[in-house]
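Next come the chains, spelled out residue by residue.
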Amino acid sequence: MGGVTRAEGRWAAAFAVILSLGLALPYWAAYSAQGEEWRFSGFLFGVEDGNSYIADMRQGAEGAWLFRIPYTSEPQSGALIYLPFLLLGKLAGGAAMHEQLTALFHLARFAAAVAMLLAVYRFLACFTASVPLRRWGTLAVGFGGGFGWILLGTGAYPLEFSSPEAFGFLSLFGLPHLAAARACLLLALAWLVSGGSGSAAKRDGVKIGLALVLAWLFQPLAVVVAWAVAGAYLVLLFLRERIEPTAESAPLRDAAVRALTAAAVTVPLLVYSALAFALDPVLRQWAAQNTLPSPPVWQYLLSYGILLGPALAGAWLARKTYGRWMLPLGWLIVFPILVYLPLPVQRRLAEGFWTALVVLAVHFAERKLAGGARRAAFILGTALLLPAAVFFWGQSFLRAAAPAAPVFLPAAEVHALEWLDANAEPGAVVLSSYAAGNVVPAYTDLIAFIGHGPETLHREQKQALVDIVLDGTLPDGERIAALRESGAHYVLLGPGELEKTPAGIPGCGLVYRADGWDVWKVTEDRHAGVLSAGIQKGTVSNAWTPAKNTPG
């Protein structure tokens, strides 16, 4: 058990490529639907985050090697975060930058989807020798979901449509960094349970460590999950060998050597992440704002309920089987602890758990079902698991066929952004509505004063300044004071903002006007601005001036 033949590898590769190409069809439809009035953003869901990924890639295209948040105006020293996006951006250059970056993003999405499906197949091969079960399990991990879709229309959003960590489809469909991180996570865990002994254990440990280094680059929390699962695996191995020393199991010492060798490779990176977010005031505030709490327990039960029964039965059957089975059993045990730890990113720690449920359910089917009963169970299981992904994929075609914000942008807005990119000084701060600010760094080398939930530090206070600047009913002095306090260099106005301030922005000169979009350049001693102490208190220095924040 654990090996994959060449014929299997060819099938898995073809399966992964075909399904990944199928995922691209709604995007192709959206690109086909854009025209003179609307431009496709490049994203069919999670557009706000999608624009931030393009903005990160753009930093790389402009020469950056360290990440700086493009949605906040505080000065930043940069950190080793989102490096894959920065590197991907370095493949772009010249004209049509946004088009190049979105094309590169989708090429990366395709490659990451293929890699994740292949890694899932390899992981499943560690636990079942049945080729049909490996194939079904790969489909279930990548595209399966639960009953969460029945919550649609109730006000509660299902995990299948909101949590890429809880299932696999969202990562495959539009989040290449998460798909790549899961591929690395599953390969590392597969090598942990199927590695060699003696001197080979150390070599396998290095291989595991390198896989987790890659996982850290894509999503650092995947490494936290890996070590929680690996720790539970080693503890269960220890207990298993003490309870029944003659049991057929993976030697604890070899597994520990692999794990400790891998830890020596990865621990420095985790220490770097912890120190970076603890010591850098901008990163610390970003982390504090980036809250992703887990939903109530009943919501996990609803979404995982389809497989939970068979998985628990499989866990019971596996408790006295091979030593490698201690890994999915350990994952089952630590999962509820991880997702309810007192951390702001609880939901992220569900990463990959769906794979463990599928593995255990497959084990139950392999041990207890045969012939027609097994075929009927998997036909029924497929029918129950796929509706969420099929529904989401189908809805994407509807969004692609009807151009509207935020999936599409008005062409006039894109023209205004292109003008800004060509004429404004790099790193200048642009004040605008929240929606317009979200796309500013994706189309320009400028900084958005507001535009992203977690990445705009102290968003509420900054939004208050924006509201004052854009309120044409207020006295000019009050608006100019707010503009100075923001430290903005330019003000971008769309049709909605022009209705509120038809006379323009005091303290600024009009430098662009076309098709309902204005760009105003600040002329009133813009470098005198200092963010209020209320915004800055306890997070970054009060002595802030809006100097250029050019990436890199």
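Nothing here was measured: the structure is a model prediction, and the numbers come from that model.

In this model helix H2 (residues 47–61) runs 21 Å from its N-terminal to its C-terminal C-alpha over 15 residues, within 8% of the 21 Å that 1.5 Å per residue would give. At its buried positions, H2 is contacted by helix H3 (83–89), helix H4 (97–125), helix H8 (176–194), helix H18 (411–423) and helix H19 (434–443). Positive phi shows up at Gly-63, right after H2, with a value of about 110 degrees.

Here we take up the pattern of salt bridges. Any two side chains of opposite charge can pair if their charged atoms end up close together. Following the criterion strictly, the structure yields 9 salt bridges and no others. Arg-134 is paired through a salt bridge with Glu-8; the nearest N and O atoms lie 2.7 Å apart. Remark: Glu-8 occurs in helix H1 (residues 6–33) and Arg-134 occurs in helix H5 (residues 131–143); sequence separation between them is 126 residues. With respect to burial, Arg-134 and Glu-8 carry one shared label: buried. A salt bridge links Arg-182 to Glu-351; the nearest nitrogen and oxygen atoms lie 2.5 Å apart. Of this pair, Arg-182 sits in helix H8 while Glu-351 is found in the loop between helix H14 (326–339) and helix H15 (353–368), placing the two residues 169 residues apart along the sequence. Taken individually, Arg-182 and Glu-351 each receive the classification buried, so the pair is uniform in this respect. Within the structure, one salt-bridge network assembled from shared partners comprises Arg-58, Glu-62 and Asp-421.

Taking burial as the measure, the 6 residues of strand S7 (residues 517–522) include 5 buried ones, the bulk of the element. Where strand S6 (residues 508–514) meets S7, 6 bridges bridge the pair, whose relative direction is antiparallel. Within S7, the position partnered with Cys-508 by the bridge is Val-522.

What follows is about a nonpolar patch on the surface. Taken together, Trp-65, Leu-66, Leu-80, Leu-87 and Tyr-272 make up a surface patch of nonpolar side chains, about 450 Å² in accessible area. Relative to the helices and strands, Leu-80 resides in the loop between H2 and H3.

The contact between helix H10 (residues 220–243) and helix H11 (residues 252–279) brings their axes to 11 Å, and the two run at 155 degrees. Looking at the two axes, H10 sits roughly antiparallel to H11. When the axes of H10 and H11 are compared, the crossing they make is left-handed. Contacts from Pro-220, Val-223, Trp-227, Tyr-233, Leu-234, Leu-237, Phe-238 and Glu-241 of H10 reach H11 at Leu-252, Ala-255, Ala-256, Ala-259, Ala-262, Ala-263, Thr-266, Leu-270 and Ser-273. For the contact of H10 with H11, the residue count by class is 14 nonpolar, 2 polar and 1 charged.

As a further point, take H15. For H15, built from 16 residues, the straight-helix expectation of 22 Å at 1.5 Å per residue is met to within 8% by its first-to-last C-alpha distance of 23 Å. In terms of burial, H15 is a largely internal element, 12 of the 16 residues being buried. All of the buried residues along H15 are Phe-353, Trp-354, Thr-355, Ala-356, Leu-357, Val-358, Val-359, Leu-360, Ala-361, Val-362, His-363 and Ala-365. In this structure, the buried side of H15 is in contact with H4, H5, H8, helix H13 (297–318), H14 and helix H16 (371–385).

What follows concerns empty space enclosed by the protein. Applying the stated criterion across every chain yields a total of 5 cavities of 30 Å³ or more. Approximately 60 Å³ is the volume found for the second largest cavity. In this structure, the second largest cavity is lined by Phe-143, Gly-144, Gly-145, Glu-160, Phe-161, Phe-167, Phe-169, Ala-388, Ala-389 and Phe-392. For the lining of the second largest cavity, the elements supplying multiple residues, two or more each, are helix H6 (159–162) and helix H17 (387–401). It is H17 that provides the largest number of residues to the lining of the second largest cavity, a total of 3 residues. Considered class by class, the residues forming the lining of the second largest cavity number 7 nonpolar, 2 polar and 1 charged.

The omega angle of the peptide bond from Ala-405 to Pro-406 is 5 degrees, so this bond is cis rather than trans. Tracing the chain through its elements places Pro-406 in the loop between H17 and strand S2 (408–410). The phi dihedral of Ala-96 is positive, around 55 degrees, even though this residue is not glycine. For Ala-96, a relative accessible area of 44% puts it in the partly exposed group. One non-glycine residue with positive phi stands out, namely His-458, at about 55 degrees. Summarising the element assignment, His-458 is placed in the loop between strand S4 (447–448) and helix H20 (459–469).

Attention now moves to the environment of Leu-175. Within the secondary structure, Leu-175 sits in the loop between helix H7 (169–174) and H8. Aside from chain neighbours lying at most four places away, what touches Leu-175 is Phe-45, Tyr-53, Pro-164 and Leu-170.

Attention shifts here to the sheet that holds S6. Pairing in this open sheet of 5 strands is mixed, and the strands run S4-S3-S5-S7-S6 from one edge to the other. Looking at strand neighbours, the two that pair on one side only are S4 and S6, the edges of this open sheet. Where strand S3 (residues 429–431) lies against S4, 2 bridges are found, and the strand directions are parallel. Looking at S4, one finds that Val-429 is bridged to Ile-447.

The interhelical angle for the contact between H2 and H19, taken along N-to-C directions, is 30 degrees, at an axis separation of 7 Å. Considering the angle they form, H2 stands roughly parallel to H19. Note that H2 runs across H19; the crossing there is left-handed. For the pair H2 and H19, contact is made by Val-47, Glu-48, Asn-51, Ile-54, Ala-55 and Arg-58 and by Tyr-434, Asn-438, Val-439, Pro-441, Ala-442 and Tyr-443, respectively. Counted by class, the contact of H2 with H19 contains 8 nonpolar, 2 polar and 2 charged residues.

Calculation criteria
Residues numbered from 1 in each chain as written. Predicted model: local features only at pLDDT ≥ 70, side-chain atom pairs only at ≥ 80, totals over all residues. Heavy atoms only, no water. Helix = DSSP H or I, 4+ residues; strand = E, 2+ residues; numbered from the N terminus. Expected span 1.5 Å × (residues − 1). Contact = heavy atoms within 4.5 Å. Salt bridge = Lys/Arg side-chain N within 4 Å of Asp/Glu carboxyl O. Buried < 20%, exposed > 50% of the residue type's maximum accessible area, 1.4 Å probe, protein only. Pairing = 2+ DSSP bridges. Patch = residues over 30% accessible without salt bridge, like charges linked within 9 Å, V, L, I, M, F, W, Y side chains within 5 Å. Areas by Shrake-Rupley, 256 points an atom, 1.4 Å probe, with all protein chains shown as cover. Axes fitted to C-alpha atoms, helices over the stretch in contact; angles between N-to-C directions. Parallel < 35°, antiparallel > 145°, perpendicular 65-115°, else oblique. Left-handed = near helix turned anticlockwise from the far one by under 90°. Nonpolar A, V, L, I, M, F, W, Y, C, P; charged D, E, K, R; others polar. 1 Å grid on protein atoms, 1.4 Å probe; cavity = no way out; pocket = protein on both sides within 12 Å on 5 of 7 lines; lining within 4 Å. Points joined across faces, edges and corners; volume = space filled by probe spheres on them.

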